[in-house]
Amino acid sequence: DTEVTQTPKHLVMGMTNKKSLKCEQHMGHRAMYWYKQKAKKPPELMFVYSYEKLSINESVPSRFSPECPNSSLLNLHLHALQPEDSALYLCASSQPGQGARGYTFGSGTRLTVV
Amino acid sequence: SQQGEEDPQALSIQEGENATMNCSYKTSINNLQWYRQNSGRGLVHLILIRSNEREKHSGRLRVTLDTSKKSSSLLITASRAADTASYFCATGRFSSGSARQLTFGSGTQLTVLP
């Protein structure tokens, strides 16, 4: 069982829809991340939150809007997406200063935009 | 953006054989990590090697790091069918707020035949 829980596991949405991806961790980690992964490609960093503050935005289009309501939750709000945004969206967490333990990833949300 | 390349892109071996994957990266790093990803799932952290280390072992895994060549290798000994997965190297560097920014290589798809 993963210690980072992502919901939903699968999501199909139209280009005019608004939806949200959710990520939750109870490991006390204070850094959380969103990655996007296309088929047969490596994960690409989208956003980094450190101590609930957005510290990195890798030039992600504004149709993706992250939110960190508290230290355990990370959301990704989606609006007016394009078919090319279809991908596996991965959430991860880590504890700053404890890099030897690596990141803990969730199982991802498989997003299809139609 | 993608940090580096992995070699080979795909590797197919018989059960019991050893598998070696190589990773090259471009910028200075604090550490290098290896992750495994089963098809369409989240990534699992395997092992981390710090920039001042040259070799590290964990069970059937052996990782080497050559910072002068900006390269690393992952050796899996006595492979099993369950080792079939994609393997990614990832380089970590500190970003603002002490969160570590992790950038993934292109990945190696390992298939272990029974």
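Presented here is a report on the structure given in the accompanying data block. Just so we're clear, the structure is a prediction, and the values are computed from it rather than from any experiment.

1. Thoughts on the state of the cysteines
Here is the idea: a disulfide is a covalent bond, and it sits between the sulfur atoms of two cysteines.
Moving on, step 1. Summed over the entire model, instances satisfying the criterion amount to two disulfides over all chains.
Moving on, step 2. Here Cys23(A) is linked by a disulfide to Cys91(A), with a sulfur-sulfur distance of 1.9 Å. Of note, the bridge from Cys23(A) to Cys91(A) carries an S-S torsion of about -70° and is left-handed in sense. Here Cys91(A) lies in strand β9 (residues 87-94) and Cys23(A) lies in strand β3 (residues 18-25), a separation of 68 residues in the sequence.
Moving on, step 3. What pairs with Cys23(B) in a disulfide is Cys89(B), and their sulfur atoms sit 2.0 Å apart. Across the S-S bond linking Cys23(B) and Cys89(B), the dihedral sits near 70°, which makes this disulfide right-handed. Of this pair, Cys23(B) sits in strand β3 (residues 19-24) while Cys89(B) sits in strand β9 (residues 85-94), placing them 66 residues apart in sequence.
Moving on, step 4. For Cys89(B), a relative accessible area of 3% puts it in the buried group.
Moving on, step 5. The closest cysteine sulfur to the non-disulfide-bonded Cys68(A) is located on Cys23(A), 9.3 Å from its own sulfur.
Moving on, step 6. Taking the relative accessible area as the measure of exposure, Cys68(A) reaches 12% and is therefore buried.

2. Notes on the sheet that holds strand β1 (residues 4-7) of chain A
Residue and element names in this part refer to chain A.
Moving on, step 1. As summarised here, the arrangement of the four strands in space is β1-β3-β8-β7, forming an open sheet in which the pairing is antiparallel. Both edges of this open sheet fall to β1 and β7 (64-70), since each of them pairs with a single strand only. Shown here is a sheet whose adjacent strand axes are inclined to one another by a mean of 20°, direction ignored.
Moving on, step 2. Note: β1 against β3, four bridges, orientation antiparallel. The partner of Thr5 across the bridge, within β3, is Glu24.

3. Quick notes on unusual backbone geometry
Moving on, step 1. Here the amide bond leading from Thr7(A) into Pro8(A) is cis, since omega sits at -10°, within 30 degrees of zero.
Moving on, step 2. Looking at where Pro8(A) falls in the secondary structure, it is placed in the loop between β1 and β2 (10-13).
Moving on, step 3. The residue after Asp7(B), namely Pro8(B), is reached through a cis peptide bond having omega 0°.
Moving on, step 4. Secondary-structure assignment places Pro8(B) in the loop between β1 (5-7) and β2 (10-14).
Moving on, step 5. Unlike most non-glycine residues, Tyr51(A) shows phi in positive territory, near 50°.

4. Thoughts on the interface of chain B and chain A
Moving on, step 1. At the interface, 24 residues of chain B touch 26 residues of chain A.
Moving on, step 2. Of the roughly 1900 Å² buried between chain B and chain A, counting both surfaces, carbon and sulfur atoms make up 54%.
Moving on, step 3. If you look at where chain B meets chain A, you find zero salt bridges.
Moving on, step 4. For the interface between chain B and chain A, the tally reads four residue pairs in polar contact (both at pLDDT 80 or more).
Moving on, step 5. At the level of elements, β4 (31-37), β5 (43-50) and β10 (100-104) of chain B are the ones that each hand at least two residues to the side of chain B that touches chain A.
Moving on, step 6. Looking at the side of chain B that touches chain A, its residues break down into seven nonpolar, 14 polar and three charged.

Quick notes on the rules
- Residues numbered from 1 in each chain as written.
- Chains lettered and ligands numbered in written order.
- Predicted model: local features only at pLDDT ≥ 70, side-chain atom pairs only at ≥ 80, totals over all residues.
- Heavy atoms only, no water.
- Disulfide = S-S within 2.5 Å.
- Helix = DSSP H or I, 4+ residues; strand = E, 2+ residues; numbered from the N terminus.
- Buried < 20%, exposed > 50% of the residue type's maximum accessible area, 1.4 Å probe, protein only.
- Pairing = 2+ DSSP bridges.
- Axes fitted to C-alpha atoms, helices over the stretch in contact; angles between N-to-C directions.
- Contact = heavy atoms within 4.5 Å.
- Buried area = accessible area lost by both parts, 1.4 Å probe.
- Salt bridge = Lys/Arg side-chain N within 4 Å of Asp/Glu carboxyl O.
- Polar contact = N/O pair within 3.5 Å; in protein donor to acceptor, adjacent residues only side chain to side chain.
- Nonpolar A, V, L, I, M, F, W, Y, C, P; charged D, E, K, R; others polar.

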